[in-house]
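Breakdown of the fold
Residue strings, one per chain:
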Amino acid sequence: MNRSLYSVCGMCSVRCPIRVEVTDERINWIEGNPNVPGIEHSLCARGSSGISLLYDFERLQYPMIRIGPRGSGQFKRASWEEAFKYVAEAIGNIQSQYGKKSIALVDRGAGLFGEIQRVFLRSIGSPNYFSHDDFCRKNVDLAYQTLLGYGRPEVGYDFSNTKHMVFYGRNALESLGVREANNIIKALSNGARLTYLDVRVSKTATKATKFLQIRPGTDYAFNLALIHVILRENLFDREFVERFITGLPELENFIKPYTPDWAEKETGIPSYEIVELAKQLSADKPKVILYPGWFAARTMNYFYNARSIIILNALLGSIEQKGGLILAKTPKEVGAKGLNSLLERVPAPQEKRIEAEEGKGFLYDGAGHILHLFRAIKTGQPYPIKGLFVMRYDPFAGITHKDIQELLNGLDLLVAIDTNYSSTAWYADVVLPESTYLERDDMIGMQRGAKPTLIMRRKAINPLYDTKGKWEIFTGLAKACGFGDYMPYESIEDIWNYQLEGTGIKIEEFEKTGQVALCKDPLMYSRDDLRFKTKSQKIEILSEKMVEREVPYFLEFQSPPKPDIEKGEFKLVFGRIAVHTHVQTHNNKYLNEIIPENDLWINDQVAKQLGIKDGDIIEISSDDYSAKIRAKVTPFIHPETVFMYRGFENEVPFKTRSVGKGVNEGRFLKGAFEKMAYGSHTGVLFENFIKVRKA
């Protein structure tokens, strides 16, 4: 029997809409949803390999409880009832000794379907929800909030209609979202320019109109000079600036010393290139996009760098403009009723999250800073965190062994909830296996944008193993803990019907395309109607939010230290490759065959000085860790930098295809998790040096 259905991919966090074909209860085809503009049947390699994940016997298959030392891999199989009871008793013991707030949960970010785990955490009375965003987008998110009052998920980019894109190491064609990549290619085909800055020539750089190789850690200096030129030479959108930006005199005063000649000394980019780019952007305004990107946990100044990028967009008048940045509209703004929130059915915890106990001088929002969480687990300050839930996130795969041990020493309970056998699961006390995205239903999500749209993930087949969907896991835990009244759902339809109550939308309406739009046409505001979500309803360079948290408006640029190249010392940077998702997919049968391990990019002239040839096995080391890896000698990387694709060297023996292959960049980040970025307290992952020598 053949059938097909619409759902949502789960091979990375982009969550592309898909269509799935099933024959005799076996999935034989996945493609991008043909009804969605920008997708239209297309899917990336990771999305196409979802079938391999589904039928992989090396994924988690049943609940497990640890019976040996942590990290020994000694578990016993458990029933769901037994696992829930074990966790509930452990939570009770911890909370009776340390209080309700001593339990925390960390995930990849709420996203489209992420509310359910927060409902559980609130049900047991803890305020301590965290996401991985401190190691990803949080700087951009906070920068948008301070300037526009909108969060990063509320700002879209109209790539398909733009005239000029500027990317700062945003390797959009490798760490890709399908729709975004298609729209970027469409823009280039229509004659748009792409200016790309990076320490190396990535796949995206090869498509650029102009590639500017920049010294590592100096993006902020480049932007300060760009702002300097745009203001000095009156290249900005005066009408937009006068109507919508506050704090321009203070910005003009701050920016005076940051000339293109000064920036050339810091960045290595000739001053005339900065001046020429400013003139090109002015000519192309307002259809320009200076893209602050996703991964922004790079340097100590990156929150201020993200602010500088958004300020450049504002100066060029590209916000809420066709071909520029598009603000998301709420259901109410488009005349619709939004989804009912499950979270609002549960009383908010009385106790404060960790950040609220840490004083001022930094910003935070709805998800806590994971570095604060790590510190609380290690030190017990400002109060102890003794129980940790980790949901579809693998922090232990990206940190040092010393950090792993210190975290384990501080925890009485570690629960891993995942589809894959993650490194964190390997050390966990209890492992709760989530069904793959092809075997589970999720709560309805809303895609934000100028045309807000509801989207539904539906299971294509029943689970192959003893796994459960996320909503089943957390409602089961809540009931075991005695808080089932807050999560009284017996089926996914109970959740969907509650979410849709009052909207006038029926579950059946999702069957046609997998989505239900809340309005017919996208809503864009004219400049007469445009208002921002700040207190002044304008773009606040002098942010009220920053005043409240005692965070300075501006940060002077500090030149980053240079590595001693002659002694084989380099700055380590890393990034994603098109066929893998962080640490999640390296054991996937199909994707592992394409890219089984990584290598280390090193500049050809520097390599020659060190006696290293292309393909040589070399040793790389930090103060407390070393490994061997193959050298990729190339002229297309800055001499002060070495680069590797991330997420390799899995250490879980059960994953036989990927175990021990390649090198894990996280093991070299000694001390990185003690550093917190200026103003944001996010991660700082591109300020570590490593040593390189021929093995």
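A quick note: this is a predicted structure, and the numbers were derived from the prediction, not measured.

The rules behind these values
- Residues numbered from 1 in each chain as written.
- Predicted model: local features only at pLDDT ≥ 70, side-chain atom pairs only at ≥ 80, totals over all residues.
- Heavy atoms only, no water.
- Pairing = 2+ DSSP bridges.
- Helix = DSSP H or I, 4+ residues; strand = E, 2+ residues; numbered from the N terminus.
- Axes fitted to C-alpha atoms, helices over the stretch in contact; angles between N-to-C directions.
- Contact = heavy atoms within 4.5 Å.
- Salt bridge = Lys/Arg side-chain N within 4 Å of Asp/Glu carboxyl O.
- Buried < 20%, exposed > 50% of the residue type's maximum accessible area, 1.4 Å probe, protein only.
- Arc of directions from axis to C-beta.
- Phe/Tyr/Trp six-rings, centres within 6.5 Å; stacked < 30°, edge-to-face > 60°.
- Lys NZ or Arg CZ within 6 Å of the ring centre and 35° of its normal.

1. Some thoughts on the sheet that holds strand 10 (residues 193–198)
Ordered by their spatial adjacency, four strands build an open sheet running 11-10-9-13, and the pairing between neighbours is parallel. Either end of the sheet is taken by a strand with one partner, and the two such strands are strand 11 (210–213) and strand 13 (288–291). The mean inter-strand angle of the sheet, taken between neighbouring strand axes irrespective of direction, is 10 degrees. Relative to strand 11, strand 10 runs parallel, the two sharing four bridges. Pairing of tyrosine 196 across the sheet is with phenylalanine 211, part of strand 11. Its contacts with the sheet place helix 12 (residues 302–315) against strand 9 (164–168) and strand 13, and it is angled at close to 180 degrees to strand 13.

2. Section: the pattern of salt bridges
Taken as a whole and judged by the stated rule, the model has 44 salt bridges. Across the salt bridge formed by arginine 232 and glutamate 233, the nearest N and O atoms sit 3.0 Å from each other. Taking the relative accessible area as the measure of exposure, glutamate 233 reaches 31% and is therefore partly exposed. Between glutamate 619 and arginine 693 there is a salt bridge, with the nearest N and O atoms lying 3.3 Å from each other. Linking glutamate 619 in strand 24 (residues 617–621) with arginine 693 in strand 27 (residues 689–694), this pair joins segments that are 74 residues apart in sequence.

3. A word on helix 10 (residues 260–267)
Burial in helix 10 covers these residues: Pro260, Ala263, Glu266 and Thr267. Angular distribution of buried residues about the axis of helix 10 spans 115 degrees; they occupy a single face of the element. The exposed residues of helix 10 that point more than 90 degrees off its buried face are Asp261 and Lys265. The inward-facing, buried residues of helix 10 abut strand 11, helix 7 (219–232) and helix 11 (271–284). One or two steps after helix 10, the chain reaches glycine 268, where phi turns positive at roughly 85 degrees.

4. Considerations on the packing of aromatic side chains
For the coordinates displayed, the defined rule picks out 32 aromatic pairs. Relative to phenylalanine 84, the ring of tryptophan 80 has its centre 5.5 Å away and its plane inclined at 50 degrees; by these criteria the two rings are tilted. Taken together, the residues span about one helical turn, with tryptophan 80 and phenylalanine 84 both in helix 3 (residues 80–98) at a distance of four residues. Here tryptophan 80 matches phenylalanine 84 in class, with each residue buried. Each ring, one from phenylalanine 159 and one from phenylalanine 167, has its centre 6.0 Å from the other, and the planes form 85 degrees; the classification is edge-to-face. Taken as a pair, phenylalanine 159 and phenylalanine 167 share a single burial class, namely buried. The ring of phenylalanine 643 carries arginine 200 above its face, with NZ or CZ at 3.7 Å from the centroid.

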